[in-house]
Each structure stands twice: as C-alpha cells, then as structure tokens.
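Inside the fold
Residue strings, one per chain:
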Amino acid sequence: MRTLALRGGARVVVVAAEWSAAFGVVTRGRVQLELRDGEPGPVLGRDAGFWLRGTGVRALRNPGRRTARLRIVTPRARTVTCRSPPVRRLPNDGGKP
C-alpha cells in the first residue's frame, strides 16, 4: 500500500501499466479525476474509493489549496521469488513409500 500526497493544485499522471489494478481511497482533502480526453471528471472527497482499471483516468488533481492524501492499494505479486536447490530423487529400494 502506498500513500500519495498531492499539494494544492498538484497533478499526477496515471500510467496505465503501473496503475491498472490499483484501488485508491481519499484519506484527506479532495481529488479530481482527469479523464482520458482531458476533461475534468468527478471530485472525490474523504473516504471515497475508486478503481482505476477501465476508467480512462489519465491524471489525478488536487483542486483545493490544502494537501490531499490518497492510499493506493495494488494486489501483491503472485510469483514467488524463492529459489531452492533442486530435489534429488533417491533410488527406489523396493520398500514401502
């Protein structure tokens, strides 16, 4: 989970490859979504949650003067990066497993 702080009037570009599965929650202030065509989108207040996948949002803006804060939640990687030596099979001695 990441925290994103947007100063008053600040704008952050949303890179689709990095934010495709992200869920955002406004924890302080207000945040305005900027749509794909550059038009202003809805202004979200405190405790508002939103998905970025498939919404066409290209930036997040702070329309106010005070710093806005967002919590950005992304799913954890499903790939395990633990490496272990290969398991060596023992010869079958004819006994019970």
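Report follows, based on the coordinates. None of the values given here were measured: they were computed from a predicted structure. Counting restarts for each chain: residues are numbered from 1 in the order of the written sequence. With pLDDT at 70 or above as the cut-off, local features in this predicted model cover only qualifying residues; side-chain atom pairs require 80 or more to be listed or tallied, and sums for whole chains, interfaces and linings still use all residues. Excluding hydrogens and water, the side-chain values take into account all heavy atoms of the structure.

For two strands to pair, DSSP has to find at least two bridges joining them. Secondary structure follows DSSP: runs of H or I at least 4 residues long count as helices, runs of E at least 2 residues long count as strands, and numbering of each begins at the N terminus. Read from one edge to the other, the open sheet built from four strands follows the order E1-E8-E3-E6, with strand pairing classed as antiparallel. The open sheet has two edge strands, strand E1 (2-6) and strand E6 (49-51), and neither has a second partner. Geometrically, the sheet is characterised by an average inter-axis angle of 25° between neighbouring strands, direction not taken into account. Of the strand pairs in this sheet, E1 and strand E8 (residues 68-73) are connected by five bridges, and their pairing is antiparallel. Looking across to E8, one finds that leucine 6 is bridged to alanine 68. All axes here are fitted lines through C-alpha atoms, helices being fitted over the stretch that makes contact, and every angle between N-to-C directions spans 0 to 180 degrees.

Tracing the backbone shows glutamine 32 in strand E4 (residues 31-35). Burial here depends on accessible area, computed with a 1.4 Å probe over protein chains only, as a share of the maximum for the residue type. Under 20% is buried, over 50% is exposed, and the range in between is partly exposed. According to the relative accessible area criterion, glutamine 32 is buried, its value standing at 15%. Whenever two N or O atoms come within 3.5 Å, that pair is a polar contact, provided that in protein one can donate a hydrogen and the other can accept it, and provided that, for residues adjacent in sequence, both atoms are side-chain atoms. At a separation of 3.2 Å, a polar atom in the side chain of glutamine 32 contacts the main-chain carbonyl oxygen of glycine 41. Not counting chain neighbours up to four residues away, the residues in contact with glutamine 32 comprise Pro40, Gly41, Pro42, Val43, Ala59, Leu60, Arg61 and Pro63. Only heavy atoms enter the contact rule, under which two residues are in contact if any of them lie within 4.5 Å.

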